[in-house]
Amino acid sequence: MKDDVIDPRGMSRRGVNAALGLGLAASLLPDAGLAKTGEKIAMTHELKTGGDRGYLRIATEEAFATREQVDVFLRMVKDGTADKGMVSLWGFYAQSPSERATQIMDRLLDLGEQRIRHMDETGIDKAILALTSPGVQPLLDVEEAKRIASRANDYLADAVQKHPSRYIGMTAVAPQDPEWSAQEIHRGAKELGFKGVQINSHTQGHYLDEAQFDPIFRALAETGQPLYIHPATLPDNMMGGMIDAGLDGAVFGFAVETSYHLLRLVTTGIFDRYPDLQIMAGHGCEALPYWLYRTNYMHQAGVRSNRYARLKPLKHDLYHYMRNNFLGTCSGLPFEPAVKLMIEVMGEDRVMYAMDYPYEYVADEVRAMDNLSITPAQKKKFFQTNAERWFKL
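It should be emphasised that the depicted structure is a prediction, and the values quoted were computed from it without experimental measurement.

Engineer: Whenever I open this one, the overall build of the chain confuses me. Can you help?
Structural biologist: For the chain, the helix and strand inventory stands at 18 helices and nine strands. Every one of the 393 residues in the chain was classed for burial, and the buried ones make up 54%. Of all intrachain contacts in the chain linking residues separated by at least 6 positions in sequence, the fraction that spans at least 24 positions is 74%. For the chain, the accessible area works out to roughly 17500 Å², and carbon and sulfur atoms hold 53% of it.

Right, dumping it as C-alpha cells:
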C-alpha cells in the first residue's frame, strides 16, 4: 500500500503512522482521542511563552555546535582517524545534502534569532544548551580538544549573556584530560555562570567509572553541579553489526551505549562515593526505569554469588539511586506512557521536559506533553520547577 494513499479521515497513511508514533492518536482515532474524563483531547492549542498554561516550558537537553568542532569531525572522517560511529553520524549530518541533515546543521550552528524564533513558535521559554555530541571527546590531539571545548564554552557564555532570559549553559569538557576538565568545570560554574556539565558518554571507549576520571567527579561535588550524560555512538569494539542494520545512532545504539555507561557507574558505587551527585539522562533516562526491577534483581544476585570480582555490595539497592541520584528527561521521547513510567519509578520531582532541538523540532510533540494526563502540580514540576530546582536557576 503506497504511503500517499489517503485514509478516510483525510490523512495519508504516512501521516497516520507518524501521528501514532508521536502518541497523537487522539487527533485521529475517535476512541483513542478520549481522555479519562471522556472529553476529547485537543491537539491544536496555540503554543505561547510566558506561562499561559500555568507553567513555563524549560527544555533541558538542547544542542548547539561550533563550526570549528564540525570541521574537526569532517577532517577526522576524511583522514581515517574517526571511529565507525563518527563516520556514520557526522559523515551524514555534516555532508549529506538531505533536507534533514542540512536543516539540522543550520540550526545547530545558530544561537541567534532563528533559535529564539523557533523557541517562540513552540512555546519554549528557556533552553538549557550544551555542545552537541560527541563534543570534543573523540579528538586524538588532547590540546586541540581542550582548545575547542574552551572556545565553545566562551561562545556559549556570550550567547547566554545576549539572551539571559532564554538561554542557560552547560559546560563542555575534554575528559581526555581529567584534571583540565575539573578546572573547566570550576570555570564554567564560577566565571561563565553555567548550571551543569555535559559529557557525551564514553571517551574513545573509556567510561567515567574508571579511576582516572575521578577529578571530574570531585569538581562536580565541589561546585554542586549536575552531570548530564548524553549519548554517543558505540565505540568500535561494541559496534558489531549496528551500522549495517541501520541501528547505530539515536534509533537504538545511543540508548544501548548510554544505558550501559549509566549502569557501570551506579553498580560500581559512584553514588556511594558521591552521595549528593545528580546524574541526568535523556530519552526516558535511557530506559533504565523500565528495566529497573530486572537490573536490581540481577545485580544483587551477582553480588551475592561473587560472580564478578568488579561488583561489590552497595550501600543501597538500585531503586534508591534511581530515586535519589538519577534525573530523567523526555528528550526525543514525548510519549505519555514513558513519561508516566518515569514519574512512577523515579518520582515526580526527578522528571523534566526536553525537546532535543534541533534533532527533534515538532510542535505537536510539545502539545502532546501539554496534554499529559497528570495533575497540574506534576505538570508544572515536569515543565518548569524541577529544572529550576536541579539546575539551580
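Read on for the rest.
Engineer: What's the story with the nonpolar core in this structure? I'm lost.
Structural biologist: Nonpolar side chains in soluble globular proteins tend to end up buried together. Counting residues in each nonpolar core, the largest one holds 93 residues, and the members touching the most others are Trp90 and Tyr353. The greatest single-element share of this core, amounting to eight residues, is contributed by helix H6 (residues 142-162). Discounting chain neighbours no more than four positions away, the residues touching Trp90 are Val70, Phe73, Gln95, Met105, Leu108, Thr132, Ser133, Pro134 and Tyr359. Core analysis: the second largest hydrophobic core is formed by 12 residues, Ala130, Tyr228, Met280 and Met352 among them.

Engineer: So what exactly am I meant to see when it comes to the packing of aromatic side chains here?
Structural biologist: Centre-to-centre distance and the angle between the planes together describe a pair of aromatic rings. Within the structure shown, the criterion is met by 16 aromatic pairs. Here the aromatic rings of Tyr55 and Phe383 are separated by 4.7 Å at their centres, their planes lie at 0 degrees, and the arrangement is stacked. With a gap of 328 residues between them, Tyr55 in the loop between helix H1 (13-21) and strand S1 (58-64) and Phe383 in helix H18 (residues 376-390) connect regions that are remote in the sequence. Summarising the burial analysis for this pair, Tyr55 and Phe383 share the class buried.

Engineer: Please explain the pattern of salt bridges as it appears in this structure.
Structural biologist: Oppositely charged side chains are able to pair whenever their charged atoms sit close together. This model, assessed by the stated rule, comprises 21 salt bridges. When the shortest N-O distance is used, the salt bridge between Arg310 and Asp209 registers 1.8 Å. Here Asp209 lies in the loop between strand S5 (197-199) and helix H8 (214-223) and Arg310 lies in the loop between helix H14 (288-304) and helix H15 (318-324), a separation of 101 residues in the sequence. Judged by relative accessible area, Asp209 falls into the buried class, the value being 11%. Residue Asp214 is joined to Arg218 by a salt bridge in which the shortest nitrogen-to-oxygen separation is 3.1 Å.

Engineer: What is the right way to look at the sheet that holds strand S4 (residues 171-172) in this model?
Structural biologist: Within a sheet, adjacent strands bond to each other through the backbone by hydrogen bonds, running parallel or antiparallel. Across the sheet, six strands lie side by side as S4-S5-S6-S7-S8-S9; this open sheet has parallel pairing. Lying at the two open borders of the sheet, with one neighbouring strand each, are S4 and strand S9 (351-352). Strand direction decides the pairing type here: S5 and strand S6 (residues 227-229), joined by three bridges, are parallel. Its bridge partner being in S6, Val197 is matched across the sheet by Leu227.

Engineer: I would appreciate a short explanation of the pairing of strand S8 (residues 326-329) in the present structure.
Structural biologist: A regular strand places its side chains so that they alternate between the two faces of the sheet. Both faces of S8 are covered, namely the face carrying Phe326 and Gly328 and the face carrying Leu327 and Thr329. Across three bridges, strand S7 (residues 279-281) lies against S8 in parallel orientation. Residue Ala281 lies in a different strand from S8, and its bridge partner there is Gly328. Sheet topology note: the S8/S9 ladder contains two bridges and is parallel. Each bridged residue has a counterpart across the sheet, and for Thr329 the counterpart in S9 is Met352.

Engineer: What should I look at first to understand the packing of H14 against helix H16 (residues 336-346) in this one?
Structural biologist: Two quantities define a packed helix pair, namely the angle between the helix axes and the distance between the axes. Between H14 and H16, the least distance of the axes is 9 Å, while the angle of their chain directions is 45 degrees. In terms of orientation, H14 lies oblique with respect to H16. Note on element contacts: H16 touches H14 through Leu341, Met342, Val345 and Met346, opposite Pro289, Tyr290 and Leu292. In the contact of H14 with H16, the residues fall into seven nonpolar, no polar and no charged.

Engineer: Where do I start with helix H5 (residues 113-121) in this structure?
Structural biologist: What sets the pattern is the α-helix's 3.6 residues per turn: residues three or four places apart point alike. Every buried residue of H5 is listed here: Gln114, Arg115, Ile116, His118 and Met119. Of the surrounding secondary structure, the elements contacted by the buried residues of H5 are S1, helix H4 (99-108), strand S2 (126-131) and strand S3 (167-169).

Engineer: Looking at this structure, how should I read the pairing of S2?
Structural biologist: Counting buried positions over the six residues of S2 gives five, a clear majority of the element. Sheet topology places S1 next to S2; five bridges connect them, and they run parallel. Counted as the bridge partner of Glu62 is Leu129 from S2. Pairing analysis gives three bridges linking S2 to S3, with the strands arranged parallel. Note on S3: the bridge partner recorded for Ile128 is Ile168. Between the parallel pair S2 and S3, the chain is carried across by H6, and the sense of this crossover is right-handed.

The rules behind the values
Residues numbered from 1 in each chain as written. Predicted model: local features only at pLDDT ≥ 70, side-chain atom pairs only at ≥ 80, totals over all residues. Heavy atoms only, no water. Helix = DSSP H or I, 4+ residues; strand = E, 2+ residues; numbered from the N terminus. Buried < 20%, exposed > 50% of the residue type's maximum accessible area, 1.4 Å probe, protein only. Contact = heavy atoms within 4.5 Å. Areas by Shrake-Rupley, 256 points an atom, 1.4 Å probe, with all protein chains shown as cover. Core = buried A, V, L, I, M, F, W, Y, C linked by side-chain atoms within 4.5 Å. Phe/Tyr/Trp six-rings, centres within 6.5 Å; stacked < 30°, edge-to-face > 60°. Salt bridge = Lys/Arg side-chain N within 4 Å of Asp/Glu carboxyl O. Pairing = 2+ DSSP bridges. Axes fitted to C-alpha atoms, helices over the stretch in contact; angles between N-to-C directions. Parallel < 35°, antiparallel > 145°, perpendicular 65-115°, else oblique. Nonpolar A, V, L, I, M, F, W, Y, C, P; charged D, E, K, R; others polar. Right-handed = clockwise from strand over helix to strand, strands pointing away.

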